Amino acid sequence: MTASTLPALRPLTLGRHQVWPPVVLAPMAGITNVGFRRLCREQGGGIYVCEMITTRALVERNPKTLRMIAFGEDEQPRSLQLYGTDPEITAAAVRIVVERDLADHIDLNFGCPVPKVTRRGGGAALPWRRRLFARLVKAAVDAASPAGVPVTVKMRKGIDDEHLTYVEAGLAAQEAGVAAVALHGRTAGQRYSGTADWDAIATLKQALDVPVLGNGDIWEADDALRMVAHTGVDGVVVGRGCLGRPWLFADLEAAFHGRPERRLPTLGEVAVTMRRHAELLVDQFVAGARNPARGERDGCTDFRKHVAWYLKGFPVGGELRRSLAMIESLAQLDDLLGKLDPAEPFPLTALGQPRGRTNSPGKVSLPDGWLASRDDDAVPEGAELDDSGG
């Protein structure tokens, strides 16, 4: 499949911002920090969202949260995802973003399936309470619109197959004035298991006039083309597919420009990317540390989680893998990367395979009585989280 066989391709419009290719990096806790986003931006165009920020933590000026709201000097548009459950606190958080010029685009999180979030009525559970959902989205849009900052929402199909909300929530978000709606084609109960329901994404696209973005099971660039052809969406959201594979954004740019080339890096080329990733993380942590040595160690520690993703499918021994996942300095990383076979070809068996979380489906944790009334717009007690990042 090529771009020429797809529905009319055009830049994704978010307020005054034109995004091409129409690709969005999904916010991922502990992953989509400044260093990782820069690495991905070096590969290809799109919009790259920072880690999730909680509205309460922002309003309370939590130091950790304020440090997380960081962007590169050349990062445009600056994209920030907010998680909140209280319309008033959400509006206050958005006003802070606007008044302090912290971001150019705000996304609202209604897709998180994590039990600590849904059991309080937040994330993917909140759209079930349709009046509260509509109030919260409108509060955010009203607070952002005077400054011309577009607001989007990202959500799931619903709580489970018996409690679907995505079409009604999408229409409510459109009525509130959002610039776009992104749908992950899974329910909260599915978590990250099974396959994403692209038919549901197509249904939402047909129901809305604002741009719709599709999320779920984009492991390769050609998956994005297939999603667009199948659903007619205006753009795609990529999360787990880029873990250990930031060059996916180069493939996506080529795909949306109708070019056939796809990267299949050798292990030596992967090692170069790993080194660049670690270097960017070290730069990020050193910039925020009083002690450069501590900053380098923290940056290398942050990099460790990425090692297994980068090496997935490659014939690298367990001892070397473990050593790479325990580095404390760039010099140590250089020494270990030098032990890899640079000529080892990319493992084709890894193409199209899930990456990151692949947990099992399960019953969604919800507040007592949550499903009893869809029109209760009271803010869930204790739902406002005070820590950012997910």
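Residues numbered from 1 in each chain as written. Predicted model: local features only at pLDDT ≥ 70, side-chain atom pairs only at ≥ 80, totals over all residues. Heavy atoms only, no water.

## A few points about the overall build of the protein chain
Along the protein chain, the regular secondary structure elements total 15 helices and eleven strands. What you see for the protein chain is a C-alpha radius of gyration of 21 Å, in line with the 21 Å of a compact globule of 390 residues. Expressed along its principal axes, the backbone C-alpha trace of the protein chain runs to roughly 60 × 50 × 40 Å. For the protein chain, with 390 residues in total, the buried portion stands at 55%. In the protein chain, 74% of the contacts between residues at least 6 apart in sequence involve partners at least 24 apart. With an accessible surface of roughly 15800 Å², the protein chain has 49% of that area assigned to carbon and sulfur atoms. (Helix = DSSP H or I, 4+ residues; strand = E, 2+ residues; numbered from the N terminus. Rg over C-alpha atoms; globule rule 2.2 N^0.38 Å. Buried < 20%, exposed > 50% of the residue type's maximum accessible area, 1.4 Å probe, protein only. Contact = heavy atoms within 4.5 Å. Areas by Shrake-Rupley, 256 points an atom, 1.4 Å probe, with all protein chains shown as cover.)

## Side note on the domain arrangement of the protein chain
Think of interface size as the accessible area that goes away when the parts come together; that is how it is often given. Structurally, the protein chain comprises domain 1 (12-257) and domain 2 (267-350). On a C-alpha basis, the centroid separation for the pair domain 1 and domain 2 is 29 Å. Both faces considered, domain 1 and domain 2 share a buried interface measuring about 1200 Å² in area, 66% of it formed by carbon and sulfur atoms. The largest contributions to the domain 1 side of the interface with domain 2 come from Leu39, Gly244 and Trp247, which together make up 33% of the buried area. Between domain 1 and domain 2 we count one salt bridge in total. Joining domain 1 to domain 2, the criterion identifies five residue pairs in polar contact (both at pLDDT 80 or more). Per-class residue counts for the side of domain 1 that touches domain 2 are seven nonpolar, four polar and four charged. (Domains from an automatic or database assignment. Buried area = accessible area lost by both parts, 1.4 Å probe. Salt bridge = Lys/Arg side-chain N within 4 Å of Asp/Glu carboxyl O. Polar contact = N/O pair within 3.5 Å; in protein donor to acceptor, adjacent residues only side chain to side chain. Nonpolar A, V, L, I, M, F, W, Y, C, P; charged D, E, K, R; others polar.)

## Topic: the side chain of Arg129
Counting through the fold element by element, Arg129 comes out in the loop between α5 (115-118) and α6 (130-144). Only 3.3 Å separates the side chain of Arg129 from the backbone oxygen of Gly369, close enough to count as a polar contact. With residues up to four places along the chain from it excluded, the contact list for Arg129 reads Gly369, Trp370, Ser373, Arg374 and Asp376.

## Considering the packing of helix α9 (residues 221-231) against helix α10 (residues 248-256)
Look at α9 against α10: their axes get within 8 Å of each other, and the N-to-C directions meet at 45°. Classified by the interaxial angle, the pair formed by α9 and α10 is oblique. Here α9 runs over α10; the crossing is right-handed. Note on element contacts: α10 touches α9 through Leu248, Asp251, Leu252, Ala255 and Phe256, opposite Ala221, Ala224, Leu225 and Val228. Here the contact of α9 with α10 is built from residues that sort into eight nonpolar, no polar and one charged. (Axes fitted to C-alpha atoms, helices over the stretch in contact; angles between N-to-C directions. Parallel < 35°, antiparallel > 145°, perpendicular 65-115°, else oblique. Left-handed = near helix turned anticlockwise from the far one by under 90°.)

## Looking at the UniProt feature "binding site: FMN" (unreviewed entry) in the protein chain
Under the local residue numbering, the UniProt record ascribes the feature "binding site: FMN" (unreviewed entry) to Pro27, Met28, Ala29, Gln81, Lys154, His184, Gly239 and Arg240. Among the residues examined, Pro27 registers a relative accessible area of 18% and is labelled buried. If sequence neighbours within four positions are ignored, Pro27 has contacts with Thr32, Val49, Cys50, Glu51, Met52 and Gln81. For Lys154, the location among the structural elements is in strand β8 (residues 151-156). Look past the residues within four positions of Lys154 in its chain and what remains in contact with it is Gln81, Asp107, Leu108, Asn109, Phe110, Gly111, Ala182, His184, Asn215 and Val237. (UniProt positions renumbered as here; feature names shortened; annotations may be inferred.)

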